[in-house]
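Observations on the model geometry
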Amino acid sequence: MRLLIKLTLRSIQRHPARTILSMLGITIGVAGILALGITNQASMQSISALFEESSGKVDLMVTASSDNQPLSEGTIRVTENIAAVRVVLPIVKANTAFADQASGGGLELSFLGMDSGGFLLHGVNPVLEPLARDYKIVEGRFLEDPLEALEVVLVESYAQDEDIQVGDRVEVLTPNGVERLRVVGLIAREGPGQINNGAFGIVPLNTAQRMFNRLGEYDQLDLLLTESNSSQALEEVRLAIQRRLGEAVSVTYPAGQGQRMSQMLSNYQIGLNFLSGIALFVGAFLIYNAFAMTVVERTREFGMLRTIGMTRRQIILQVISEALVLGIFGSGLGVLMGILGARGLAGLVGSLLGTDLSADLVVPGGTLLLSLFVGIIVTIIGALMPSIQAGQVSPIAALRVRGRSQEGWITRSGWKFGIAGLLVSTAILLWNPFPYDPQFILGSLTVFLMFGGVTLMIPGTVSTWEKLSRPLMRLIFRNSGLIGSRNIGRSKVRTTLTIVALLIGVAMILVVRVMTASFSQDLVSWINAYIGGDIYIHSSVPLRADMANQVAGITGVGAATPIHYQNIEFMAPGGGLEPLTFMAVDPATYTRVTSFIFSDSNINAQAALAELNDGGALFISSVIAEKYNLGVGDRFWIRTNQGLQDFSIAAVVVDFFNQGLVVTGNRHDLRRFFRSNEISTILVKVDAGVPTADVIANIEQVYGKRYHLSLESNETIRGNISVLMDQAFSMFDVMAVLAVLISSLGIVNTLMMNIMERTQEIGMLRAIGMTRGQVIKMVLSEAGLMGVIGGLVGLVFGVLLAKIFLTGMTAMSGYRLDFIVPLGGVITSLVVALVISQLAAIQPARKASRTNILEAIHYE
Amino acid sequence: MAVLNATNLHKFYQLGEFQIKALNGVDFEVEAGAFVAIMGPSGSGKSTLLHLLGGLDVATDGDVMLTGQAFSELPDHQMTLTRRRNIGFVFQFFNLLPTLTAEENIQLPILIDGGKPEVFQSRVDQLIDLVGLNDRRDHKPDQLSGGEQQRVAIARALVTQPAILLADEPTGNLDTKTGKVIMSLLRRSCDELGQTIIVVTHDPRAAAYADRVVFLRDGKEQETLKFKELKDLSERIRKIMGIMEKMEI
């Protein structure tokens, strides 16, 4: 045992460069997994903590099922009379802004969980509120009786940002004009202080109701129950209250609100997890390569050890223990890097979520152990085959002959299984027979089957590739290329693994590019229609209904149309109410400013618009259409103030507002069914020839100040969106680059190993007159050919994979995206493959060129 | 006329605290079209001498002149080009590229020199004829016997019509019968093509094919045998063995 440890450590010490190279693969993989794990945990925790802490000791929550059906005094009375309920805390919520603030806000775009804020006021009962939530007062005091005092408590961090002190009076915008409130206290940004990222204030209940014309109305009732219940008992109480209050309200758990947000984020994180899995997969190739190299190099040593009596098992154990040592150190280093990497990642995910995750950034013990464990196991698995090969070294053969790479049925007939695997997995993925829930897991496994298929296909086709690219290699590297590229067929298994690692990296880059392009394409065409006009007007306070007409009268404005977004619920075809946005438009003016993008380009747009105009009809988004298999002519049930109401579907349109969970109706229906006449947004079309900036200035001048309007040009919004898109996809890019990086380490290893095996040959070539430069070209050409194969196969594979991902996404989320293969992405991935292969080959090539001729020709 | 001229060649190696004198003042001259064998016991410096003559190693003192060009004046790159165009090598372990066919292996020096093999096809065909591998030209090395591989190596060494062909134990890895074939082939190259050849060997049967046998000991020339008049191989072998016995090789 002591001998084993000694031999293991000595062997690791003897090749520091290779040790570091192989460790790096594992380190990067482990770091990726851990960084993602930490960030996932932090973001999930942040979301649920936000909802849990902000709801404090509240057991259950009662909210209206539909936005514009506020809870009434009656609901409170009924709730108070339920035996299990100890306290009922009514809350009124209002979105507003400070009068002296530059009108903030902007386009409310929800993309991959990103949302914009605003200032949120809660009207609460000052006496009851402390029973439910622990506000940490850092300065001043909490609200006191009476219920109608003009007082506000703000979050400390927000007050600091806005330079507001305790005792100041702040001017808050209300539908009735500006209301002055005195700041009586500041709370810490923790627990309930985290609501709306701290852009949050509390005022007495009656004050809020009066300020926002909400007398007798409530948005939420928080319930404290008489006794703390087990989760099962709690669920019974919840159902009992729900039954008692009827369908007009929803009784939920406080953390329930966070679930949808987590859901959105988890899709994004699943994608990242998948990619880090791939990085580790590629890392395993690297380990295999490194150990195969060790075994080749030390065949003689193993032979000698076998001659003097070491058993096969002992040899295998020796190699495995080397792997173990590498695995432990590599993974340990990966853990450190992962913790550092998590900080960067948390910043990114935090910006997507609109929250600061750094406080939640704790290293979860489970994830840490898991990533260590995975790193070590992957290393050992990677080293398993080489170690078995080492065990098979015969004592006599080892003393005479150099090790040969193992080539057997994989080279001869592997490609048949490869093609079969590829076809079967592609068919499965495109057909997508999996039920909704395990779809992702089963889909991912099938993708790995595809990887396997591609891997098996390479060895059998290497020679064909070499023949095809001979002219290219000759063109670039002259005759040295001709000699060098032939070498690729020599250690097919090793070469294949290197190529596969590279092609996976290339495919990942392409997948990310295709996804981005496809997303952008749809997003841009939707944005063009959605903000179809030239200017987008928005306000932090509700706009009056006639505002659009007034804007239309301003010089330079060609047309203006009002839009209102109403949060409602609809009856999903599978049963159950689900949240949805009802976008109320005025079809007549809407079509003068912008247009709808109909999913079916052959639809009779005039007829559809006429139907929408007549009322009782909707345009549903393509997302909903795909998700629920709905089409033109089908019925769509919406919960309105008059109960469930069925609408006919007049058209399917491309619309990603609220993640595509949106239907378009007319404003008349908004008034009729939801008793609302509000406007969220006005879209403006500028007269031909008039600069948009001038019109923005005109509108600002006439109404900007008075109505706290925020005006943005179409270009600005599009710019912002592309920044958001880039941010969201940059992480995928990073992971793809990591995969390529790891594969480049694989190329270095493989070439080093090839060169070592061919020392004598290189010595001969130098002896008969090959210059150092020609030797370098020869090695570069070998790597170049790997780059060509990896690049081209990766390209095809990437396109296939992207198609599958898009199909899968459509099936899972309902987003239906056009499949776009961007030329830039294709060129990038090819160039990356070639450049990486050449960069990785530089060091091995230099080493080869420095081969000592005399030593080499006597090298055996 | 001497094609190769080595004067006062010294090669010392430092091995820890010891200095090894591998060559200790050798003068050596080879006429164009000559066939010379170098013999000597292990450590006598015969391989070192061959390496210096082939420009694979640099002498500690003294110089080698090949066709009037002093090796000491050639930088590494020029030396490589000289090896490529003016020196042919045949090694004990054949050293063929396993990825190339026999014919392609023969064309290798032309490829390395950036030439088009088609241009030299008649030369290649002539050599394939000479080494008798017409029916094996498309075979890869692992499909050829040891003797056949060494014949390919000889053809490869001859393809550039080098000023000198150096062979390091060319029969060392072959059985006696095949060794004979290889040495006859070298002899024919000398007689039919006028190729100047230097062979390092420890085998008297191989050395007997040469016109002159130089015996080295402790890095110095000890004895020289000339066979200009003597045609009988077994007689030559007997003479060589006599000297070997005298030198206790």
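Cut-offs and rules
Residues numbered from 1 in each chain as written. Chains lettered and ligands numbered in written order. Predicted model: local features only at pLDDT ≥ 70, side-chain atom pairs only at ≥ 80, totals over all residues. Heavy atoms only, no water. Helix = DSSP H or I, 4+ residues; strand = E, 2+ residues; numbered from the N terminus. Buried < 20%, exposed > 50% of the residue type's maximum accessible area, 1.4 Å probe, protein only. Contact = heavy atoms within 4.5 Å. Areas by Shrake-Rupley, 256 points an atom, 1.4 Å probe, with all protein chains shown as cover. Pairing = 2+ DSSP bridges. Axes fitted to C-alpha atoms, helices over the stretch in contact; angles between N-to-C directions. Core = buried A, V, L, I, M, F, W, Y, C linked by side-chain atoms within 4.5 Å. pLDDT = per-residue confidence, 0-100. Salt bridge = Lys/Arg side-chain N within 4 Å of Asp/Glu carboxyl O. Parallel < 35°, antiparallel > 145°, perpendicular 65-115°, else oblique. Left-handed = near helix turned anticlockwise from the far one by under 90°. Nonpolar A, V, L, I, M, F, W, Y, C, P; charged D, E, K, R; others polar. Phe/Tyr/Trp six-rings, centres within 6.5 Å; stacked < 30°, edge-to-face > 60°. Buried area = accessible area lost by both parts, 1.4 Å probe.

**With respect to the overall build of chain B**
- From N to C terminus, chain B includes eight helices and ten strands.
- By residue count, 55% of the 249 residues in chain B fall in the buried class.
- A fraction of 70% describes how many contacts in chain B between residues 6 or more apart in sequence connect residues 24 or more apart.
- If you sum the accessible surface of chain B, you get close to 10900 Å²; carbon and sulfur atoms cover 48% of it.

**Side note on the sheet that holds strand β7 (residues 164–168) of chain B**
Residue and element names in this part refer to chain B.
- As summarised here, the arrangement of the six strands in space is β6-β7-β8-β3-β9-β10, forming an open sheet in which the pairing is mixed. Two strands in the sheet have a free side with no partner beyond their single neighbour: β6 (87–90) and β10 (220–226). Each adjacent strand pair in this sheet contributes to an overall mean axis angle of 20°, direction not counted.
- For β6 and β7, the ladder comprises four bridges, and the chain directions are parallel. Residue pairing in the sheet places Gly88 in a bridge with Leu165 of β7.
- The sheet strands contacting helix α5 (residues 146–158) are β6 and β7, and the helix crosses β6 at an angle near 170°.
- Along the sheet, helix α6 (residues 176–193) contacts β3 (35–39), β7 and β8 (197–200); its crossing angle with β8, the most-contacted strand, is approximately 155°.

**Describing the nonpolar core**
- Counting residues in hydrophobic clusters, the biggest one holds 117 residues, and the most contacted among them are Leu4, Phe28, Leu53 and Ile198 of chain B.
- For this core, the leading source of residues is helix α24 (residues 772–813) of chain A, giving 17 residues.
- If sequence neighbours within four positions are ignored, Leu4 of chain B has contacts with Phe28, Glu29, Val30, Leu53, Val64, Met65, Leu66, Ile164 and Ile198 of chain B.
- Formed by 52 residues, the second largest nonpolar core is a distinct cluster that contains Ile91, Ala199, Leu234 and Val249 of chain A.

**Some details on the confidence of the model for chain A**
- Chain-level pLDDT for chain A is 79 on average; 82% of the residues reach the 70-or-more range.
- Every residue in residues 401–406 of chain A is under pLDDT 50, and counting partners more than four places away or in other chains gives 14 contacts.

**Topic: the pattern of salt bridges**
Residues and elements named next belong to chain B.
- This model, assessed by the stated rule, comprises 29 salt bridges over all chains.
- Residue Asp125 pairs with Arg137 through a salt bridge whose shortest N-O separation is 2.6 Å. Pair noted here: Asp125 is in helix α4 (residues 121–131) and Arg137 is in the loop between α4 and α5, with a separation of twelve residues, a long-range link.
- On the basis of relative accessibility, which here comes to 27%, the residue Asp125 falls in the partly exposed class.
- On the accessibility criterion, Arg137 (18% relative accessible area) is buried.

**A closer look at the packing of α5 of chain B against α6 of chain B**
Residues and elements named next belong to chain B.
- Viewed as axis vectors pointing N to C, α5 and α6 meet at an angle of 20°, and their least axial separation amounts to 10 Å. In terms of their interaxial angle, α5 and α6 are classed as roughly parallel. Considering how the two elements wind past one another, α5 and α6 form a crossing that is right-handed. Here Gly147, Gln150, Arg151, Ile154 and Leu158 of α5 lie close against α6, whose contacting residues are Thr178, Ile182, Leu185, Leu186, Ser189 and Leu193.
- Across the contact of α5 with α6, the residue classes tally to six nonpolar, four polar and one charged.

**Details of the packing of aromatic side chains**
Residues and elements named next belong to chain A.
- In total, this model carries 13 aromatic pairs over all chains according to the counting rule given.
- With 4.8 Å between their ring centres and 80° between their planes, Phe596 and Phe619 make a pair best called edge-to-face. Here Phe619 lies in strand β16 (residues 617–621) and Phe596 lies in the loop between α17 (587–593) and α18 (605–614), a separation of 23 residues in the sequence.
- For Phe619, a relative accessible area of 0% gives the class buried.
- Between Phe598 and Phe619 the ring centres are 5.6 Å apart and the planes differ by 70°, which places this aromatic pair in the edge-to-face class. On the criterion of sequence distance, the pair formed by Phe598 in the loop between α17 and α18 and Phe619 in strand β16 is long-range, its members being 21 residues apart. Each member of the pair, Phe598 together with Phe619, is buried.

**Comments concerning the pairing of β3 of chain B**
Residue and element names in this part refer to chain B.
- Judged by how many residues are buried, β3 sits mostly within the fold: five of five residues are covered.
- Taking every second residue as pointing to the same face, both faces of β3 are buried, with Phe35, Ala37 and Met39 on one and Val36 and Ile38 on the other.
- Pairing of β3 with strand β9 (residues 212–217), which is carried by four bridges, proceeds in the parallel orientation. Its bridge partner being in β9, Met39 is matched across the sheet by Phe215.

**Some details on the interface of chain B and chain A**
- With 29 residues of chain B at the contact, the number on the chain A side is 23 residues.
- Both sides of the chain B and chain A interface together cover about 2300 Å² of buried area, and 62% of this is carbon and sulfur.
- At the surface where chain B touches chain A, the tally comes to three salt bridges.
- Measuring nitrogen to oxygen at the nearest pair gives 2.8 Å for the salt bridge that ties Glu104 of chain B to Arg486 of chain A.
- Those elements that place two or more of their residues in the side of chain B that touches chain A are α2 (76–86) and α3 (102–112) of chain B.
- Within the side of chain B that touches chain A, the residues separate by chemical class into 15 nonpolar, seven polar and seven charged.

**Here we look at the sheet that holds strand β2 (residues 18–31) of chain B**
All names here are of chain B.
- As summarised here, the arrangement of the four strands in space is β2-β1-β4-β5, forming an open sheet in which the pairing is antiparallel. Of all strands in the sheet, those with a lone pairing partner are β2 and β5 (69–70), marking the two edges.
- Relative to β5, strand β4 (residues 61–66) runs antiparallel, the two being bridged by two bridges. Looking at β5, one finds that Met65 is bridged to Ala70.

**Some words on the side chain of Ser371 of chain A**
Residue and element names in this part refer to chain A.
- Relative to the assigned elements, Ser371 resides in helix α11 (residues 365–392).
- On the basis of relative accessible area, Ser371 is assigned to the buried category, the value being 0%.
- Excluding anything up to four places from it in sequence, Ser371 contacts Val30, Ile33 and Leu34.

**Observations concerning the pairing of strand β1 (residues 60–64) of chain A**
Residue and element names in this part refer to chain A.
- For β1, the buried fraction is high: five of the five residues fall into the buried class.
- Burial along β1 is two-sided: Leu60, Val62 and Ala64 and Met61 and Thr63, pointing in opposite directions, are all buried.
- As paired elements, β1 and strand β11 (residues 220–225) share four bridges and run antiparallel to each other. Counted as the bridge partner of Thr63 is Gln220 from β11.
- Here β1 runs beside strand β12 (residues 249–252); their pairing, made up of four bridges, is antiparallel. When the bridges of β12 are listed, Val62 appears paired with Val251.

**Section: unusual backbone geometry**
All names here are of chain A.
- Positive phi values are uncommon outside glycine, yet Asn213 reaches one of about 55°.
- Position of Asn213 among the secondary structure elements: in the loop between α6 (205–211) and β10 (217–218).
- In the Ramachandran plot, Arg478 falls in the positive-phi region, its phi being about 55° despite a non-glycine side chain.
- Within the secondary structure, Arg478 is located in helix α14 (residues 439–486).

**Regarding the environment of Leu233 of chain B**
Residue and element names in this part refer to chain B.
- Tracing the backbone through its elements, the reader meets Leu233 in helix α8 (residues 233–246).
- Leu233 gets classed as partly exposed once you look at its relative accessible area, which sits at 29%.
- Considering only alpha carbons, one finds Leu233 and Arg205, 28 residues apart in sequence, at a separation of 8.0 Å.
- Those residues in contact with Leu233, other than ones at most four positions away along the chain, are Ala208 and Tyr209.

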